[in-house]
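Residue strings, one per chain:
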Amino acid sequence: MTFKLVIRRLVFLVLVIWAASTIVFFIPRLSSRNALRERFGELARTGGFSPEDLEKIIANMNQQFGLDQPLLTQYWHYLGNIVRLDFGYSLYRYPSTVSDLIAQSLPWTIGLLLVTTILSFVIGNLLGAISAWPRAPGWLRGFATPFILLTGVPPVIMGILLLFFIGFRLKWLPLGGAYSVGVVPTWTWVFFFDLMRHQILPALALIFGSVGGWVLSMRGMGITIQGEDYVNFAEHKGLTAGRIFRDYYVRNAMLPQVTGFALALGTVVTSAIIVEGLFGLPGIGTMLNLAIRSNDFPTIYGIVLFITIAVAVLMTVVEFILPLLDPRIRHS
Amino acid sequence: MNVTLMQSAMESSTPMHALRAATADPVLRVRNLEVTYYTDSGRAKALDNVSFTLNSGEKLGMVGESGSGKSTMALAMMRMIKPPGRIEGGQVIVGDTDLMSLDQEGMRKARLSKIAYIPQGAMNSLNPVMRIGAQMVDAVKSHLPGEPKAAIEARCRRALQSVDLDASVFRMYAHELSGGMKQRVCIAIGILLDPHVIIADEPTSALDVVTQRQVMETIDNVQKQINAAVILIGHDMGLMAQFVDKVAVMYAGRLVEMSTVREMFTDPKHPYARALISSLPSLENKGVFQGIPGLAPSLLRLPSGCAFHPRCSSAMAMCGTTRPEPRILPGGRSVTCHLYDGEASHG
Amino acid sequence: MSTVALSPPVEKSIERPGSLVLFLRYLRRNKGLALGVIILLALVAFTVIGLLTVNTKNAYPLSVALKKPPSWKYPFGTDFFGRDLLAAMVVGMWQTAFIGVLAGGLGTLIGVFLGFISAYFGRWIDGSIRTICQILTPIPVLLIQVVIAGSLDKRDVTIVTMALIVVLLAWMGPTLVIRAQVLTMKERQFVAVAKLSGVSDLGIIFKEILPCLLPFIAAAFVAQVFVAVFASFYLAVLGLGPLREPLLGNIIWAAQSQGAFFNGWWWWPIIPSIAMILILGSLALINMGLDELANPRVRRSE
């Protein structure tokens, strides 16, 4: 991979982040809603300050946040803040910034995402590869079928079904929340296991909800690759079936899957966030849910932008990994 | 007849004593090999009762139209026929082992070590994401698991050397090589374990004329080094005539004639072989291409009797009804045609 | 020419079957497509019959008894707000179909239009359309849709605005697909011949290229409907849909907000989930089936 290509990718990354930031900046300003006014109007109704005070407070706020300046000035300011990952203050938990809130909930989301994404990618690709491998025994190839049937079921609905069968009917696992009611968060094994018990169903929902897609695409790739001359020649060479499967068949079929992984990142992260919200786990998803319910616009925009940037950066990282796996890209 | 080719056949680098060694123990004996493809539209007999023998050091050229069973033949000998195809019967005896009687694992071990296959279209026969060296090493390792690493690598480098490739190729990837070099790598892989039999399936089909010659010479050289029996599959009769000792002609899944190169080019016996030879361009009939009338038959609906009879200029009444059986003519040639029913020394 | 002589004369007397028969025969081979079509037809039948027989007013809050489990009177039960879930399913299904077809249709239309322009005229037009698509593709569309839907006044959020929000960021897929197809089509002989014989650009597009693209457009449309249904469902699950409407995602959002499982009202989230599985499943099956139809290379998979 040449230096020029690295630069091109990085420029592209900046462009993507800029485009997303610009959309998120201008769309709210096109709408008639004024977040500050809504928030303080609500406070005025419940908290008892007069309409005149309200206008003063809003004017004050507008000045403090630079909202009285020309749109373009605001835009430049805003872009500068994005570069520093500064998404402003939360409306509902005012003194804390959106970045603080994200930093608090991010580890939870990363943990869930990492485990489920890796598991579903590995399981899905393995099952897909086996299901298209003519030398695999029939019962083993059949394993993939139920997962293919699950392709159309989004992780959220998978979550509801799991909640119903395992949480509600069988009562094996909790119906939601971060940890059991009445348990005090402490650094003990008891608390840790309680925490993990609450993560199982959401994790299963995400894995079952996304495995099918990988199975299907890997199966398609596998059917193409097993007809390639080099797989045939490998068998002519008298290699063992395991070695052909691993080094000749999966190695090559995996390459487009890695690109597909980069492209699917946005959907993967979005699904995880919505499933988190469904189960009420601590994490970005529940935070987004709360922000939507409470009209906390800066938090909504901050979360959306942060995730967009994270996805774009991860995609670029995956694209940098690809040449390590495929010498043809490395040398072109 | 065809003067230029006849000459080149006679000038062929191979001495004729190899042909006369028919009394020596043959290294390859193919007996009544049969392959059928079970397709939706019916059964197709892709290989019909094919038998022949080959001595070590002998080179056989196998020719025929596409669909005549040449490649099926190669795949059947490697036991690499994939469904819906099936090997229905017969024996492929290499040395004193019948490959058809081996179990899966035994056959895996026999590939490359006893009988090697050099693939058609070297363009895509090498794994694009593995170094050439790794693809040679894994082949050796699968057959000689106990071999020390240094010995395996030395063996691989020796093989590369004998096909005139630089040692640096060992660390390269397929896309860094030219078509001719890739074909040489395939040949190097084929001779890694000094097999008794080498099958090269159209090894030159995707190459330019100069490279074709070089690749053929490479095969010729390595064959001399390890004294293996070589089967060359292809349809370029001219190129083949310069390198092989014997020619086998296939038609509709059957071996219709097998003779020495010289006999084949000066006096082909089977009408189809005759038509093939006379359709070759030469100095005499330049400008006038004489094709073979009619189309190659579909294997699904073969004509009754001799499959060639609708296109045959010497067809007799019995050709439409009775299937000819292969017979050995005096002198050791094998022909499958009713014209020679009387001459046959034995059926 | 023995093969010609051998072809049995019987074949000529057999009449060519009609296109419907051929289609049905094809469905028998392409089982996934057949299953998808059957499920989709069943859903359509459910919705149409439902709209004709069920009182759609019961799909809105405070129309019927609260929190009743499924029974003969309420086959799907009723929810916390007094909605009959059967009526809600009928209306919700209809609304989902409406969003899907509207957003899917618009998205495909935009995609076909931009894809054509991009591929046919090339140069800077192609360059800019392609770059825009490439920059927008990595952005998680749903989250941007969250921003848009969240910025709207709650009263402005209707079924139609939902569809429009979805379309806004979902035309890149079909654009790139159609662009790629037109590019390969342009290289074909018959287009060159038409061009040489002086057929106008529009003539070539409508008479030569468009007809060949129909299978791809159909596949792109089904994929777009899938995307639109999926996106609008997710928005509604996040509570960004038109809250009064019995959209499937809204019902799930409401059920989750009221802790339906904690309170034992299991049917409330389960009924719309099953409906969604049927809708998305049938679309996915049809999409895969059409892929096979439009792209014969995939057909090798048994």
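Residues numbered from 1 in each chain as written. Chains lettered and ligands numbered in written order. Predicted model: local features only at pLDDT ≥ 70, side-chain atom pairs only at ≥ 80, totals over all residues.

- Looking at an unreviewed UniProt entry, chain C carries the name Peptide/nickel transport system permease protein, with the source organism given as Kaistia dalseonensis.
- Here is the UniProt Sequence similarities (unreviewed entry) comment for chain C, exactly as written: "Belongs to the binding-protein-dependent transport system permease family."
- The UniProt entry for chain C carries the following text under Subcellular location (unreviewed entry): "Cell membrane". (UniProt positions renumbered as here; feature names shortened; annotations may be inferred.)

- As annotated in an unreviewed UniProt entry, chain A carries the name Peptide/nickel transport system permease protein and is attributed to Kaistia dalseonensis.
- Check the Subcellular location (unreviewed entry) section of the UniProt entry for chain A; it says "Cell membrane".

**A closer look at the overall build of chain A**
At step 1: Helix and strand counts for chain A come out as 14 helices and 0 strands.
At step 2: Counting from the amino terminus, helix and strand elements in chain A follow one another as α-α-α-α-α-α-α-α-α-α-α-α-α-α.
At step 3: Residues counted as buried form 40% of the 332 residues belonging to chain A. (Helix = DSSP H or I, 4+ residues; strand = E, 2+ residues; numbered from the N terminus. Buried ≥ 20, exposed ≤ 12 C-beta atoms within 10 Å, placed from the backbone.)

**Re the sheet that holds strand E9 (residues 246-251) of chain B**
Sheet strands pair via backbone hydrogen bonds, and the direction of the pair is either parallel or antiparallel.
All names here are of chain B.
At step 1: The 8 strands are arranged E6-E7-E8-E3-E9-E10-E12-E11 in an open sheet whose pairing can be described as mixed. Each end of this open sheet is capped by a strand with a single partner; those strands are strand E6 (115-118) and strand E11 (327-328).
At step 2: In this sheet, strand E8 (residues 229-233) lies alongside strand E3 (residues 59-63) in parallel orientation, the contact comprising 4 bridges. Within the sheet, the bridge partner assigned to Met62 lies in E8 and is Ile233. (Pairing = 2+ DSSP bridges.)

**A look at the sheet that holds strand E5 (residues 97-98) of chain B**
Residue and element names in this part refer to chain B.
At step 1: With antiparallel pairing, the 4 strands of this open sheet are ordered in space as E2-E1-E4-E5. Each of the sheet's edge strands pairs with one partner strand only, and the pair in question is strand E2 (42-54) and E5.
At step 2: Relative to strand E4 (residues 85-94), strand E1 (residues 28-39) runs antiparallel, the two being bridged by 8 bridges. Residue Val30 lies in a different strand from E4, and its bridge partner there is Val92.

**Topic: the UniProt feature "domain: ABC transmembrane type-1" (unreviewed entry) in chain A**
At step 1: UniProt annotation of "domain: ABC transmembrane type-1" (unreviewed entry) refers to residues 106-322 of chain A when read in the numbering used here.
At step 2: Across residues 106-322 of chain A, helical content stands at 79% and strand content at 0%; the span's end C-alpha atoms are separated by 27 Å.

**Description of the packing of helix H5 (residues 98-131) of chain A against helix H12 (residues 284-293) of chain A**
Residues and elements named next belong to chain A.
At step 1: Viewed as axis vectors pointing N to C, H5 and H12 meet at an angle of 135 degrees, and their least axial separation amounts to 8 Å. Between H5 and H12, the crossing angle belongs to the class labelled oblique. The residues of H12 that touch H5, namely those facing Leu101, Ile102, Ser105, Leu106 and Thr109, are Ile284, Gly285 and Met287.
At step 2: A class-by-class count of the residues in the contact of H5 with H12 yields 5 nonpolar, 3 polar and no charged. (Axes fitted to C-alpha atoms, helices over the stretch in contact; angles between N-to-C directions. Parallel < 35°, antiparallel > 145°, perpendicular 65-115°, else oblique. Contact = placed C-beta atoms within 7 Å. Nonpolar A, V, L, I, M, F, W, Y, C, P; charged D, E, K, R; others polar.)

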